[in-house]
Amino acid sequence: MSAEWNDNSPIYRQLKARVVGMMLDGVLQSGDALPSVRQVAADYQLNPITVSRAYQELVDDALVEKRRGLGMYVLEGARDKLLASERERFMREEWPAMLERITQLGLNLEQLLQASRDSDAHGESA
């Protein structure tokens, strides 16, 4: 995780988003322990309450569980649940604007697929 924070949203939400990103990327998998609240607070110079709040939201979202005396662990199926919700959010919030821009530029599916293949061939992510 990067130690840079922006002023656009509360730090606890940014921290939660980073943990979610780690789950989606497979860095954190089912059964894995999250770093302790104290460790994250020390590493990133955050108030432990901020870290606890981010972790509590992950618990509330049924992505991680608290194991008394042991810490926080990623729940079985958390990644699948995240993928489903992120895909739905993408289709609802991001795709309409992308589609509008694609249409505005007069791009077609073949051009987009070729651009993706070209990007992959150059070692860039699509």
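Residues numbered from 1 in each chain as written. Predicted model: local features only at pLDDT ≥ 70, side-chain atom pairs only at ≥ 80, totals over all residues. Heavy atoms only, no water.

Going by an unreviewed UniProt entry, the protein chain carries the name GntR family transcriptional regulator and comes from Janthinobacterium aestuarii.

Asker: Describe in detail helix 1 (residues 11-24), supporting the description with residues and values.
Answerer: Relative to the 20 Å expected for 14 residues at 1.5 Å per residue, helix 1 spans 20 Å between its end C-alpha atoms, a close match to the ideal helical length. Within the sequence span of helix 1, burial applies to Tyr12, Gln14, Leu15, Lys16, Arg18, Val19, Val20, Met23 and Leu24. Where helix 1 is buried, its residues touch helix 2 (37-43), helix 3 (48-60), strand 1 (64-67), strand 2 (71-74) and helix 4 (78-105). Of the residues flanking the end of helix 1, it is Gly26, one or two places downstream, whose phi is positive at about 85°. (Helix = DSSP H or I, 4+ residues; strand = E, 2+ residues; numbered from the N terminus. Expected span 1.5 Å × (residues − 1). Buried < 20%, exposed > 50% of the residue type's maximum accessible area, 1.4 Å probe, protein only. Contact = heavy atoms within 4.5 Å.)

Asker: Now, about the pairing of strand 1: what can you tell me, with residues and values included?
Answerer: Sheet topology places strand 1 next to strand 2; four bridges connect them, and they run antiparallel. In the strand pairing of strand 2, Arg67 is matched with Gly71. The loop that links strand 1 with its antiparallel partner strand 2 comprises three residues; one of these, Gly69, has a positive phi angle of about 80°. (Pairing = 2+ DSSP bridges.)

Asker: Could you give an account of the nonpolar core, with specific residues and numbers?
Answerer: Met23, Leu34, Tyr55 and Leu58 are the most contacted members of the largest nonpolar core, which has 22 residues in total. Broken down by secondary-structure element, the contributors of at least two residues to this core are helix 1, helix 2, helix 3, strand 2 and helix 4. Among the elements that make up this core, the one with the highest residue count is helix 1 (six residues). The contact partners of Met23, leaving out residues within four places of it in the chain, are Leu28, Leu63, Val64, Val74, Ala78, Arg79 and Leu82. (Core = buried A, V, L, I, M, F, W, Y, C linked by side-chain atoms within 4.5 Å.)

Asker: Kindly report on the pattern of salt bridges, identifying the contributing residues and their values.
Answerer: Tallied over the entire structure, the rule returns nine salt bridges. Note that Arg67 is salt-bridged to Glu65, the shortest N-O span being 3.0 Å. Exposure remark for Arg67: the relative accessible area of 32% places this residue in the partly exposed category. Here Glu65 falls in the partly exposed class, since its relative accessible area comes to 28%. Of the charged contacts, one joins Glu88 and Arg92 as a salt bridge, the two residues approaching to 2.4 Å between their closest N and O atoms. One end of the pair, Glu88, and the other, Arg92, are both in helix 4, four residues apart, so they sit about a helical turn from each other. Among the residues examined, Glu88 registers a relative accessible area of 43% and is labelled partly exposed. For Arg92, a relative accessible area of 46% puts it in the partly exposed group. Among the ionic contacts, a cluster of salt bridges with common partners joins Glu86, Glu88, Arg89, Arg92, Glu93 and Glu94. (Salt bridge = Lys/Arg side-chain N within 4 Å of Asp/Glu carboxyl O.)

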